[in-house]
Amino acid sequence: MNMISLMGLIGFLGFLGFYTGNYGYFGFFGFFVFFTYALKKYDELFDTYVKKSATLAFFTSVVLFCAALCAVVLLGDPALIPVLFTLVFVFSIIVFILRLTIYEMAENIRAREE
């Protein structure tokens, strides 16, 4: 079993949106996409792809968190903190998923050429 598929369990937090009426929880349903990795064979190359994608997503989030904090300080509106931090989190997850998908697509293309 591929351990990254366990991130799909975070998707169940989306059901809190129905219970609480806070529709912001529905964004967690996007984590269900990680269940698709449950059937993928885990090997060293996939591990390398995950590490490279996570590194890029981490540094993206660090830079964007710094920019978000500067925006809050310059604008002087602390009400922006939850919005900006949510956007940074979502963007870093999207960077991770897209980069991992690009690595997998490149691997599939190389495998077809061989």
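What you see is a predicted model, and the numbers here were worked out from it, not measured in a lab. (Residues numbered from 1 in each chain as written. Predicted model: local features only at pLDDT ≥ 70, side-chain atom pairs only at ≥ 80, totals over all residues. Heavy atoms only, no water.)

### A short note on the overall build of the chain
We count it as follows: Only DSSP runs of H or I with at least four residues qualify as helices, and only runs of E with at least two residues qualify as strands; both kinds are numbered from the N terminus onward. Throughout, radius of gyration means the C-alpha value; the globule benchmark is 2.2 Å times the number of residues raised to the power 0.38. We call a residue buried when its accessible area falls under 20% of the maximum for its residue type, exposed when it is over 50%, and partly exposed in between, using a 1.4 Å probe and counting protein chains only. Here, two residues are considered to be in contact whenever any of their heavy atoms come within 4.5 Å of each other.
The helix and strand inventory of the chain stands at three helices and zero strands. Sequence-ordered secondary structure for the chain, helices as α and strands as β, is α-α-α. The C-alpha atoms of the chain give a radius of gyration of 17 Å, which is well past the 13 Å a tight globule of 114 residues would have. If you line up the chain on its principal axes, its C-alpha atoms span 55 × 35 × 20 Å. Across the 114 residues in the chain, those meeting the buried criterion constitute 24%. Taking as baseline every contact in the chain between residues at least 6 positions apart, the subset at least 24 positions apart corresponds to 62%.

### So, the pattern of salt bridges
Where we set the bar: Take a side-chain nitrogen of Lys or Arg and a carboxyl oxygen of Asp or Glu: if they are within 4 Å of each other, that pair is a salt bridge.
A complete count under the given rule lists one salt bridge for this structure. Asp47 is the partner of Lys51 in a salt bridge, and the nearest nitrogen-oxygen pair spans 3.2 Å. Linking Lys51 with Asp47, this pair stays in helix α2 (residues 44-75), spanning four residues, or about one helical turn. Relative accessible area serves as the criterion here: at 53%, Lys51 is assigned to the exposed category.

### Comments concerning the environment of Phe85
Mapping Phe85 onto the fold places it in helix α3 (residues 80-113). Sequence separation of Phe85 and Val95 is ten residues, and the distance between their C-alpha atoms is 15 Å. Residues within four places of Phe85 in sequence aside, it is in contact with Phe65, Ala68 and Leu69.

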